[in-house]
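# Chain and residue survey
The primary structure of each chain is shown beneath.
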Amino acid sequence: MPAADAPRIFSGIGETYERVGALLSFGQDPRWRTALVSSVDASAEDRVLDVATGTGLVARELARRYGCAVVGLDQSATMLAAAAARNGHMPLIRGRAERLPFPDASFDHLTFTYLLRYVDDPAATMRELARVVKPGGRIAMVEFAVPSGPLRWAWRIYTRVGLPFLGRFVSKQWSDVGAFLGPSIERFYATHPQHELERYWGDAGLCEIRSTRMSFGGGVLMSATRSTSEAGATEGPRAMGNRPPGRGVRRRVERVSVAPAEGATSVAPALDRSAFYSLAPGGLRDYWTLLHPPYTAWHLSYVLLGASLSPAPDARIVGGALLAFFLGVGVSAHAFDELQGRPLGTRIPNATLIALGSLGLIGAVALGILAATQLGAGFLVFVVVGAALVLLYGVEAPLVHSDVGFALGWGGFPVLTAAFATSAPPIPAALAAIAASLISLAQRRLSTPVRRIRRTSTEVRGEITYRDGTTEMIHRGSIIAAPEAALRLLWLAMVTLSAGMLLTRWWGG
């Protein structure tokens, strides 16, 4: 039954759901969700329910765009855990769309994404969704669709072959999701064609129903208004008929904990800034924050370190390598990272992040291919590995997102690439790559707890008692002060050290 598919499919993919979804859909999934949010047209005083909220993508965008109160509901505890990790301020409730734990007319508007394929009775579910919306409120959804004409065969090839294959680079679970998706979509529309879906919406008391095909028919946006007439009102999952005002179905509201044990939870604001180098959100400041300037300069210093091992490094090769790694790491990897979950809290539109990530990667690969025409076909190995590192980092593949994977990918790899490009001797290059990997590992060990405290901590308190009887209070600022001070010094030290080593090769030459 469809209701059994969701727990099986979505279990265990909450942490990577946003990034992988954006990449495997070639950026269309974020675009569809943005269109969904635009169709609601809420006000700051409204209260909106986002059903099947998943990791909270639509809910966060609703709150950001309109300043309205948003409640997220999902049946998956792992998805809600991912949503809470990205935005602890949002009320999150564990529940099923088929039986919402809210009284009638509780919300001004309602949104949902990719839901109806996972319920046993879409018509009854639509009646239940409409029940909790006030008359005149908006209901909107996004769902996958099947293109028509020749594009249908291209869509079928991609969903049957491309999705499982690409998903396997992330995890076996994502490969299974890719294999499930195409047949699931086709089965759904074979049983519930688009015109039938529109009828379900009308029978639920919705009017002004609009259906918009997107991305060559690969997605559909539907929106409607809850009827203000008595005849159009429905109530409950079985359409039990209209009841007098104030006598709607009452259900217990259960908040879900995102911890292993169920129970209520609240998440207080974290530190004001997501990182020591971040600026206040908005405008061009967001692009400074996105580039992670200290960390980007730190990783680019490894390019200089690798080139400095060559007896006579070519300045053109060094400059090209710096530009390629800036585009790949500084722009592309960071844009894909910010695309899902907004860990840095920027307000850069999703479409802009997708464009920056894609263009940055394309530019880095193009520079690598150009370099290969001068350095030989063997350099293409570094180009392929570099592109794979950026993409795998974007989908949070464990291979790259582990401490060791990060150290080798962002520390050792730039050293080896620059050393090969400038004809540095292999043994010194290998030793320098090991050193860079260890330094990057130290960076990771310092930055990870700081980042966790800044972005997700709710409260930090305690006391240190020393042998002489003196005490010192523990708070968030005191915990992050020492590792952040070390990080501020280390990035400066690595940049100046690597630049100095390279300049010794050119000085007086």
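In the block above lies the structure referred to throughout.
A short tour of the structure in this document, coming up. Positions within a chain are numbered from 1, following the residues in the order the chain's sequence is written. At least 70 in pLDDT is required for a residue's local features to be given in this predicted model, at least 80 for side-chain atom pairs to be given and counted, and no such filter applies to totals for whole chains, interfaces and linings, which use all residues. Side-chain metrics rest on all non-hydrogen atoms present in the structure, leaving aside hydrogens and water.

A few words now on the pattern of salt bridges. Salt bridge, as used here, is a side-chain nitrogen of Lys or Arg placed within 4 Å of a carboxyl oxygen of Asp or Glu. Under the defined criterion, the tally for this structure stands at 17 salt bridges. A salt bridge links D108 to K134; its shortest N-O distance comes to 3.4 Å. Placement of the pair is D108 in strand β4 (residues 107-113) and K134 in strand β5 (residues 133-144), with a sequence separation of 26 residues. Only protein chains enter the accessibility calculation, which uses a 1.4 Å probe. A residue is then buried if its area is under 20% of the maximum for its type, exposed if over 50%, and partly exposed in between. Using a relative accessible area of 33% as the deciding quantity, one classes K134 as partly exposed. With its nearest N and O atoms 3.0 Å apart, the salt bridge here joins R316 to D314. Judged by its relative accessible area of 29%, D314 is partly exposed. The network of salt bridges with common partners includes R152, R156, R160 and E186. A helix here means a DSSP run of H or I that spans at least four residues, while a strand means a run of E at least two residues long, and both kinds are numbered starting from the N terminus.

The next point concerns the sheet that holds strand β3 (residues 92-94). DSSP bridges decide pairing: two strands pair if at least two such bridges lie between them. Reading across the sheet, the seven strands line up as β3-β2-β1-β4-β5-β7-β6 and stay open at both edges, with mixed pairing between neighbours. Looking at strand neighbours, the two that pair on one side only are β3 and β6 (206-214), the edges of this open sheet. Sheet twist, expressed as the mean angle between neighbouring strand axes with direction ignored, is 15 degrees. Where strand β2 (residues 69-74) and β3 come together, three bridges link them in parallel fashion. Residue pairing across strands places G72 opposite L92, the latter belonging to β3. Helix axes are fitted only over the stretch in contact, all axes being lines through C-alpha atoms; the angle between N-to-C directions runs from 0 to 180 degrees.

A separate point is the packing of aromatic side chains. In summary, the pairing rule links any two rings of Phe, Tyr or Trp, Trp by its six-membered ring, whose centres are within 6.5 Å, and it sorts them by plane angle into stacked for under 30 degrees, edge-to-face for over 60 and tilted for everything else. Under the definition given, this model contains 18 aromatic pairs. Their ring planes at 75 degrees and their centres at 5.6 Å tell us that Y277 and Y295 sit as a pair that is edge-to-face. Of this pair, Y277 sits in the loop between β7 (219-226) and α10 (285-290) while Y295 sits in helix α11 (residues 293-307), placing them 18 residues apart in sequence. Residue class for Y277 comes out buried when judged on its relative accessible area of 7%. Residue Y295 is classed as buried on the basis of its relative accessible area, which comes to 13%. Seen from their ring centres, F379 and F420 are 6.2 Å apart, and the 20 degrees between their planes marks the pair as stacked. A residue pair is termed long-range when its members are at least 10 positions apart, and F379 in the loop between α13 (350-375) and α14 (380-394) and F420 in helix α16 (residues 403-421) qualify at 41 residues. Exposure remark for F420: the relative accessible area of 39% places this residue in the partly exposed category.

Our next topic: the packing of α11 against helix α18 (residues 476-506). Contact geometry for α11 and α18: axes closest at 8 Å, N-to-C directions at 25 degrees. It follows that α11 is roughly parallel to α18 by the angle criterion. Viewed along their axes, α11 and α18 form a crossing whose handedness is left-handed. Facing P294, Y295, A297, W298, S301, Y302, L304, L305 and A307 of α11, the residues of α18 in contact are L487, L490, W491, M494, V495, S498, A499, M501 and L502. Per-class residue counts for the contact of α11 with α18 are 16 nonpolar, two polar and no charged. If an angle is under 35 degrees, it is roughly parallel; if it is over 145, roughly antiparallel; if it lies from 65 to 115, roughly perpendicular; otherwise it is oblique. Left-handed is the label given to a crossing in which the near helix is rotated counterclockwise from the far helix by less than a right angle, and right-handed is the label when the rotation is clockwise. Residue contacts follow a heavy-atom distance rule, with two residues in contact if any of their heavy atoms lie within 4.5 Å. Residue classes follow a fixed rule: Ala, Val, Leu, Ile, Met, Phe, Trp, Tyr, Cys and Pro count as nonpolar, while Asp, Glu, Lys and Arg count as charged, and any other residue, Gly among them, counts as polar.

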